[in-house]
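# Residue-level structure breakdown
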Amino acid sequence: MAVAGSAVGLGNFLRFPGLAAQYGGGAFMIAYAISFLIIGLPIGWAEWAMGRHAGLRGYNSCPGAFATILQRPWAKYVGIIGVIVPVIIYTYYVYIESWCLGYAVKYWTGGMDLASSGGAGAFFEKFTGQGGDGAALTSSAAFPWLVAVFAFNFWLIYRGISAGIEKMCNLGMPLLILLALLVLARVLTLGTPDTARPHDNVMNGLGYLWNPTKVMLVKDAGEGKTEVVRELVGNAAVEEGTAEAAKSGGALKVEQRGVMTQLRNPRLWLAAAAQIFFSLSVGFGVIVVYASYMKKDDDVVLSGLTASSANEFCEVGLGGLITVPAAVAFLGVASVAGQGTFGLGFVVLPQVFEKMPLGAFFGGAFFLMLALAAVTSSISMLQPGIAFVEEAMGVGRKTSVAILGFITACGTGLVMYFTKGLKALDTLDFWVGTMLIFILATIQIIMFGWKWGIAKGMAEANRGATIQIPAIFGPIMKWLCPMFLLTIFAMTVLQDVFGFSLTDFTPGNPSGYVTDLLGGAKEPNHIARISIAFVLLVAGLFALLCARSPALARAEKGLDNHKPGSNS
């Protein structure tokens, strides 16, 4: 349940619907399903097996697991990535978590007055402090809610896995699903809210999200290219667009974009693969740590499937059916297309709740649902850091919680202060929440398939399993998954770092993420540099702990590290 709670988070209800809508609905789902089979399940199973193996030797951290499996002095330092990723992501994830709680309370206490605050966009910018650095440190912004959720997270993590994390997930997950079903039932019964705009209805919202073929009204943009005027969703809209094109004298035309055409977009595959990482918490270092507390014959295959199933139900069955259909029904397709994660959740949906009967109640329920989803994920992100500090320093939970609390408080303070344009958050999310996750996931699947070997790795995973991993996943885990990951990572670096166009294969300028750090066409951004400096400082601290750790020194020599109460 703790791993399921880690997997179910804000990405299910905000990131997934936004990406699915942005990248073609049905076409995105095909790429998403393929990514799930090629990288999601294989890496998840590999992490479960490696974590349990390390735990049986007495190691509960990623550096300990890497060292005991590879048995090389450098392995523990590579394993640091599995601590850095969840710890750094926590520092900004908990800030987003505070937005959700703040919005829920404001809805239910009557403080969500969008009319007097200049609209949903202006309210969101003020609440998150985007007007300037330090603007979020006021009682009217997210600061009080951040203090509350930060303290709550550490109270839970202090109580331990069983009494804190597991209990919160056992209570939070059913309540989250109940709230989601309540909001979903209301969304699916909205029908056509405004009869003057018959195309804006729930059925067309579902069609916009899920149909594999897209119908566009386009105009000539010169040089053999076309420009989209609008997307036509539903038979009535297609007939209306066809009639409009017929009257335009050739200036407009209706164009169908099939699923294969959409799947040729490299960005779609990048987005689908990245969403799988966020969806299943693979590549975070979380699963390895939780699996390390399992017993010898505990079923890791079924555990992986259970966590994945819970996530997919929340993501596809709930998140995919709530956000976009509601926005289309009230605001139309044009208001949904192109919205990012935050725009869709914190700008578009408040406009929906503003127009919905009992909107304050359902708005509060929706954002409370998001807050619960965020808490079940954020507390899981803390456990890898706790396990590492305990193992590397040989200290108890009270000391490790205090040390990790200080580190994450510094990081969250950095994100909380540098809120202009959310620059610190965006920088950390790209370099750690995207790039380092790809790197860690690739290292782990190569360790599993090539260091252990598929025969030994599959035998380890299948021990005690009610349902064995299908044999077809052997070659997938050894060959296809690493190749897929390396290809996706190379495409990400070419496109999002060096600015190379993967559509027409033309070189470009380095992205803003690079110039923010190194300069070039513009001056370096000091906030981005401070953010990366913080990551390097944390990495250096963790490396120092690794170098001085007697337990990790035993791990790299292949020695056990059993202690009273381990693996229980």
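Please refer to the structure higher up on the page.
Let me sum up the structure you'll find in this document. Just so you know, these numbers come straight off a predicted model, no measurement behind them. (Residues numbered from 1 in each chain as written. Predicted model: local features only at pLDDT ≥ 70, side-chain atom pairs only at ≥ 80, totals over all residues. Heavy atoms only, no water.)

## Describing the side chain of Ser 380
Counting through the fold element by element, Ser 380 comes out in helix 18 (residues 359–393). Separated by 3.4 Å, the side chains of Ser 380 and Tyr 290 make a polar contact. (Helix = DSSP H or I, 4+ residues; strand = E, 2+ residues; numbered from the N terminus. Polar contact = N/O pair within 3.5 Å; in protein donor to acceptor, adjacent residues only side chain to side chain.)

## Details of the pairing of strand 1 (residues 214–222)
Sheet topology note: the strand 1/strand 3 (residues 252–257) ladder contains six bridges and is antiparallel. Within the sheet, the bridge partner assigned to Met 216 lies in strand 3 and is Glu 255. Note: strand 1 against strand 2 (residues 225–231), six bridges, orientation antiparallel. Along strand 2, the bridge assignment pairs Leu 217 with Arg 230. (Pairing = 2+ DSSP bridges.)

## Some words on the pattern of salt bridges
One pass over the structure, following the stated rule, counts 13 salt bridges. Glu 460 is the partner of Arg 52 in a salt bridge, and the nearest nitrogen-oxygen pair spans 3.6 Å. Taken as a pair, Arg 52 in helix 3 (residues 26–56) and Glu 460 in helix 20 (residues 423–462) lie far apart in primary sequence, 408 residues in all. Comparing Arg 52 with Glu 460, the two get one shared label, buried. Members of the salt-bridge network, linked through shared partners, are Arg 52, Asp 297, Glu 460 and Arg 463. (Salt bridge = Lys/Arg side-chain N within 4 Å of Asp/Glu carboxyl O. Buried < 20%, exposed > 50% of the residue type's maximum accessible area, 1.4 Å probe, protein only.)

## What to know about the packing of aromatic side chains
In the structure shown here, the tally under the stated rule is 35 aromatic pairs. Seen from their ring centres, Trp 45 and Phe 473 are 5.2 Å apart, and the 90° between their planes marks the pair as edge-to-face. A residue pair is termed long-range when its members are at least 10 positions apart, and Trp 45 in helix 3 and Phe 473 in helix 21 (residues 473–497) qualify at 428 residues. Judged by relative accessible area, which is 4%, Trp 45 ranks as buried. Between Tyr 107 and Phe 367 the ring centres are 5.9 Å apart and the planes differ by 15°, which places this aromatic pair in the stacked class. With Tyr 107 in helix 6 (residues 81–109) and Phe 367 in helix 18, this pair connects stretches of sequence that are 260 residues apart. Look at Tyr 107 and you get buried, because its relative accessible area is 6%. (Phe/Tyr/Trp six-rings, centres within 6.5 Å; stacked < 30°, edge-to-face > 60°.)

## Here's the deal with helix 11 (residues 235–247)
Its 13 residues place the ends of helix 11 19 Å apart at the C-alpha level, agreeing with the 18 Å of an ideal helix rising 1.5 Å per residue. Ala 237, Gly 241 and Ala 245 are the residues of helix 11 that are buried. Seen end-on, helix 11 carries its buried residues on one side only, within an arc spanning 70°. In helix 11, the exposed positions that point more than 90 degrees away from the buried face belong to Asn 235, Glu 239, Ala 246 and Lys 247. Check the buried side of helix 11 and you find it contacts strand 1, strand 2 and strand 3. Following helix 11 by one or two positions, Gly 249 has its phi on the positive side, about 70°. (Expected span 1.5 Å × (residues − 1). Arc of directions from axis to C-beta. Contact = heavy atoms within 4.5 Å.)

## Considerations on the nonpolar core
The nonpolar side chains of a soluble globular protein tend to be buried with one another. Ranked by size, the top nonpolar core spans 184 residues in total, and within it Phe 13, Phe 28, Ile 39, Trp 99 and Phe 366 carry the most contacts. Sequence-distant contacts of Ile 39, that is, excluding residues within four places in its chain, are made with Gly 44, Ala 273, Ile 276, Phe 277, Cys 481, Phe 484 and Leu 485. (Core = buried A, V, L, I, M, F, W, Y, C linked by side-chain atoms within 4.5 Å.)

## Looking at the side chain of Asp 299
Structurally, the position occupied by Asp 299 is in the loop between helix 14 (286–291) and helix 15 (300–331). A polar contact is formed between the side chain of Asp 299 and the backbone nitrogen of Val 301, at a distance of 3.2 Å. Within the structure, Asp 299 has its side chain in polar contact with the backbone nitrogen of Thr 466 (distance 2.7 Å). Each residue touching Asp 299, except ones within four places of it in the same chain, is listed here: Met 294, Gly 464, Ala 465, Thr 466 and Ile 467.

## A look at the environment of Tyr 23
Checked against the element boundaries, Tyr 23 lands in the loop between helix 2 (10–22) and helix 3. A residue is classified by how much of its surface remains accessible, and Tyr 23, at 13% relative accessible area, is buried. Here the alpha-carbon distance between Tyr 23 and Leu 268, two residues 245 residues apart in the chain, equals 5.8 Å. Setting aside anything within four residues of it in sequence, one finds Tyr 23 in contact with Phe 28, Gln 262, Asn 265, Arg 267, Leu 268 and Ala 271.

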